[in-house]
Structure formats: C-alpha cells, structure tokens
Amino acid sequence: MDKDDFAVRALALERSLYCIARSYLAAEADCEDALQNALLRAWEKRDTLRQEAYFNTWLTRILINCCKQILRRQKQEMPSESLPEQAAPTDGDIDAWRELCSLDEKYRIVLMLRYRDGYCVADISRILRIPQGTVKARLSRGREQLRTRLIQEEVIL
Amino acid sequence: MSMNKERIDAAFGNTPESFSHRLSQTIATLSEKKKEDPVRRYPLRVIVLAAMITMILGAAGTALTMDRGLNWWFQGRWSMETASDPTLVQDIQTHLQSVIPQYSTQSGLAITVEDAAWLDSKAYIAISIRNERAEYEMHPNFNMNVDGFDDDRTENWLWTSKGFGVPEQVMDDPQKTLLLFEDYPIHAGRADGPILRGAWDVTRREDGAVQLIQEIDWDEDSGFRESIEAALAVYTDSDGCLPLFMPFATRTFAQDIYGDYVDYGILGFKVKVK
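Here the structure is a predicted model, which is why all the values come from computation and not from measurement. (Residues numbered from 1 in each chain as written. Chains lettered and ligands numbered in written order. Predicted model: local features only at pLDDT ≥ 70, side-chain atom pairs only at ≥ 80, totals over all residues.)

Let's talk about the overall build of chain A
Right, on to step 1. Within chain A, the secondary structure is distributed over eight helices and zero strands.
Right, on to step 2. Counted from the first residue to the last, chain A has its helices and strands arranged as α-α-α-α-α-α-α-α.
Right, on to step 3. A total of 157 residues make up chain A; the buried ones form 36% of that total.
Right, on to step 4. Contacts in chain A between residues at least 24 apart in sequence constitute 66% of all its contacts with a sequence separation of at least 6. (Helix = DSSP H or I, 4+ residues; strand = E, 2+ residues; numbered from the N terminus. Buried ≥ 20, exposed ≤ 12 C-beta atoms within 10 Å, placed from the backbone. Contact = placed C-beta atoms within 7 Å.)

Re the overall build of chain B
Right, on to step 1. Within chain B, the secondary structure is distributed over eight helices and eleven strands.
Right, on to step 2. In chain B, the share of contacts with a sequence separation of at least 24, taken over all contacts with a separation of at least 6, comes to 59%.

Notes on the sheet that holds strand β8 (residues 200–204) of chain B
Strand pairing in a sheet relies on backbone hydrogen bonds. The paired strands run either parallel or antiparallel.
All names here are of chain B.
Right, on to step 1. Here we have four strands laid out as an open sheet, ordered β1-β2-β9-β8, and antiparallel in their pairing. Where the open sheet ends on each side, the last strands, each with one partner, are β1 (111–119) and β8. Across this sheet, the average inter-strand angle for adjacent strands is 15°, counted without regard to direction.
Right, on to step 2. Pairing of strand β2 (residues 124–131) with strand β9 (residues 210–215), which is carried by six bridges, proceeds in the antiparallel orientation. Looking at β9, one finds that Ile-127 is bridged to Leu-212. (Pairing = 2+ DSSP bridges. Axes fitted to C-alpha atoms, helices over the stretch in contact; angles between N-to-C directions.)

Things to note about the interface of chain A and chain B
Right, on to step 1. If you look at the interface, chain A gives 47 residues, while chain B gives 35 residues.
Right, on to step 2. With nine residues, helix α3 (residues 28–44) of chain A is the largest single contributor of residues to the side of chain A that touches chain B.
Right, on to step 3. For the side of chain A that touches chain B, the residue count by class is 24 nonpolar, eight polar and 15 charged. (Nonpolar A, V, L, I, M, F, W, Y, C, P; charged D, E, K, R; others polar.)

Comments concerning the packing of helix α2 (residues 14–24) of chain A against α3(A)
Residue and element names in this part refer to chain A.
Right, on to step 1. Relative orientation of the contacting elements α2 and α3 amounts to 120°, with a least axis distance of 9 Å. Between α2 and α3, the crossing angle belongs to the class labelled oblique. Note on packing geometry: the crossing formed by α2 with α3 is right-handed. For the pair formed by α2 and α3, the contact residues are Leu-17, Tyr-18, Ala-21 and Arg-22 on the first element and Cys-31, Ala-34 and Leu-35 on the second.
Right, on to step 2. By residue class, the composition of the contact of α2 with α3 is six nonpolar, no polar and one charged. (Parallel < 35°, antiparallel > 145°, perpendicular 65-115°, else oblique. Left-handed = near helix turned anticlockwise from the far one by under 90°.)

Considerations on the confidence of the model for chain A
Right, on to step 1. Per-residue pLDDT for chain A has a mean of 84; in total, 88% of the residues score no lower than 70.
Right, on to step 2. When pLDDT is averaged over each element of chain A, α2(A) comes out on top at 94 and helix α8 (residues 132–156) of chain A at the bottom at 78. (pLDDT = per-residue confidence, 0-100.)

So, the environment of B:Met246
Right, on to step 1. Along the polypeptide, B:Met246 turns up in strand β10 (residues 241–254).
Right, on to step 2. What B:Met246 contacts, discounting residues up to four positions off in sequence, is B:Ile127, B:Asp183, B:Tyr184, B:Ile186, B:Ile266 and B:Leu267.

As for the packing of helix α5 (residues 94–101) of chain A against helix α1 (residues 5–12) of chain B
Right, on to step 1. At a minimum axis separation of 7 Å, α5(A) and α1(B) run at an interaxial angle of 100°. When the interaxial angle is binned, α5(A) and α1(B) end up roughly perpendicular. Of α1(B), the residues touching α5(A) (which contributes A:Ala96, A:Trp97 and A:Leu100) are B:Arg7, B:Ile8, B:Ala10 and B:Ala11.
Right, on to step 2. Considered class by class, the residues forming the contact of α5(A) with α1(B) number six nonpolar, no polar and one charged.

What about the nonpolar core?
The nonpolar side chains of a soluble globular protein tend to be buried, and buried together.
Residues and elements named next belong to chain A.
Right, on to step 1. Among the nonpolar cores identified, the biggest contains 44 residues, and Ala-21, Ala-34, Leu-35, Ala-38, Leu-63 and Cys-67 are the most heavily contacted of them.
Right, on to step 2. Counting only domains with at least three residues in this core, you end up with domain 1 (1–85) and domain 2 (92–157).
Right, on to step 3. Those residues in contact with Ala-38, other than ones at most four positions away along the chain, are Leu-59, Ile-62, Leu-63 and Cys-66. (Core = buried A, V, L, I, M, F, W, Y, C linked by C-beta atoms within 7 Å. Domains from an automatic or database assignment.)

Describing the environment of A:Glu28
Right, on to step 1. Note that A:Glu28 resides in helix α3.
Right, on to step 2. Overall, A:Glu28 belongs to the partly exposed group, with 18 C-beta atoms counted inside 10 Å.
Right, on to step 3. Between the C-alpha atoms of A:Glu28 and A:Pro89, which are 61 residues apart in sequence, the distance is 8.6 Å.
Right, on to step 4. Discounting chain neighbours no more than four positions away, the residues touching A:Glu28 are B:Pro16, B:Ser18 and B:Phe19.

Let's talk about the pairing of strand β3 (residues 136–140) of chain B
All names here are of chain B.
Right, on to step 1. For β3, the buried fraction is high: five of the five residues fall into the buried class.
Right, on to step 2. Residues Tyr-136, Met-138 and Pro-140 point to one face of β3 and Glu-137 and His-139 to the other, with burial holding for every one of them.
Right, on to step 3. Examined bridge by bridge, β3 and strand β6 (residues 177–183) share five bridges and lie parallel to one another. The residue bridging Tyr-136 from the neighbouring strand is Thr-177, located in β6.

Okay, structure coming up:
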C-alpha cells in the first residue's frame, strides 16, 4: 500500500475515527494524540495487512488500542477521581450524548461500531478481538440497557 | 432511543477542525522510506527471542531423545527445566499411561483424554487430550499470541512446531478448522476437590493430541501438599488410580476471528498414581 492509497483510505474514515476516539477519551487533544499514534503505527506496520479489504477494521482496532493506552497512562498518572469527566462535545446533541454515556463502555463501543459505522458482527469481532457470540450478546444487552434507561427516565419525568 | 447512525452522529457534533488538521498533518509526515521489507514475517523481538533460545540450547548442548515430536517444544520453552533435569522429558514420555478410565460429565463428548502420566518422584503430571472430529485441528488456546505482543500485530498468531505465525500458515492442515482448547486447573479426587497448583505448559503433539504438562507445587509450607495428600489418601482406588477432573472449553477460530464455544464441560479421568 503506497502513501496515496493509505491517505485516501484514512481520510475516508475520518468521521468514524473521531467518534470512536471521542467515545473513549474526554479531551479533544487526547483524541488527536490517539489518532496520530494510530496512523503512525498503522503506516509503520502496513506490510502486515495482508488483505487491504480489512483496512478499516484494522485501523479502527489500532485506534482503539491507542485510546486505551492513553487511558491507562492517565490512570497511572492521576487517581481515578481526578480523571476528566466524559464531557459532551461542544456542538453535540446533549440528550443523545447522555444516552450513549449511560451505557457501559463494552456495550457502547459495540453499538457504535454496529449502528454508526455499519460493521457486521464478524468485523466487530475482528476489531475488538472477541468471539462473535460475545458481540451478539453485547449488542443485545446494550440495546436492553438503553431501553431500560429510557423507561426509567420516562417514569421519572 | 432509536439507535441509528444519525442519532449517534448527533451526539458527537461536528468533527473538530483540529482533529481533521491533525489527520492530514500526520499523513503528510509519513515517509515512504520507512517501508519495511515485505518478506519479513516475524517482528524483531521474535527473531531475537528465537536467536537467544538457540544460543542457550547450543551452550547447554542438551541432546534429548524422545518420541511424539515434541523436541521443538521442550528445547524451546522447556530449556530451563531440561537443563536442570535432563531425564525429565524422557521420564514423562515413558510413564505415559494409555489406558485411561474416563467418566466425563457429559455423554457424547468428542474430547477425550488420550494418555496421562503421574510422576510422583518429580512432582509432574502430563495429560494429553484428543479431539475426535476430523474436521477440526485442535491446538491449545494458550499458544495463541503466546508472546503477548498481539497488540503490535494486525493478526493473531499461533505457536506450533512449524513456527509462530498466522494459524493457516503454521497448522498441519489449513483446510481444517482450527479448534482452540482452553484448559482450566485440574481438581484431585472430586470435581470440587483441591486444585493441582504449579507451573504448566501445553502444546500440540505431532500425533494431534494436545499435551499439558504441569509441575505440581509440592511446597511444604503452602498447605497445598497436605490437601493433595489427603485427596490421594481418600480417593485413590484399589488399583492405585486417582480421579482427576479438568474443566475445559473449545472454540473455533477462523479468518482471524474467535468463534463460539463448541464444547465445554469437565473431563473426568483416572491416572495411576501408585
């Protein structure tokens, strides 16, 4: 894969990469660092990508690993109570953001990959390196968690 | 909430310009010159590790003779044990018992214990497990990404006698479906009896059986020895056989994806200990 090809594919994935990074990291600057690390790592390892059809799942997986790396570093550097809150993006829909944030991380990322990015169960399994059965279970439980929260909110209102 | 792309997108607002800028800026800095040799299959660390193992073995000068095609395994991951006890490997192989009474918790299991050895004098146990279905090639799940560097690769790698690489390149028969065997601690006497503690390793033999070898932690101070000796006294039958129970699970792996579990349960079997 040459640089032009890599650039075209990465640029086409920009929005997806942003949403995934932002779902893990509270600060925009951290999202940018994770993106940069992921791109450099992917470029360096591009010869290990045997099938270019898997570019999207491959780069997404690398980005998630880079986000988790930043989170691990933050947890080491500061006690958990000092970690930044998962603040809503400035121009985002607050209600939709709250609903997403109400989900456990393991359900949120699976639902995002399925419903925002349109990945199939097999691709999500490849990205997160978890069995397909686990992906299906998390999709189902994530949807259930959303439904339950929604019902609770309606009752309170 | 209807979970769809528009709704999720709305939660994130617009992609910040700084993010887009960093993306294009990073791409602009990528250099073609850093491209690696496309024929290189193994990370540098693996090559260095392999070289170190070769050097250690060369220095030890240990010439082991054994059957079942496990030389590659013992001479690699077992180099320390074999250097300190040159007859260990041979002792394990010669003490293998091929008649193993079995009473697994489920009927119709296609996973069976092929042979086992109990080396009381050296505090080792060896157990070999066979998958009886021709469409699967069974390997220990432990040998998937055994180097711990899977985050540095784009694919999961399997360690076999053919090398360390993507499963279809190192399996005996890539036409078969890879079946990963997960073993759990072995209980002595009863399914809820004391656990055999200690360092262990597992691999696939040349004949296709997955062999697990465990050093039993015989430390006097741990209290563990007492519990195992009690199990030996209570549960060893008149033929000198001790019942053992090993929970296990198997799952498929194909096209770099872990599949669902195929088998799971408890393998119950007896090993001659006297």
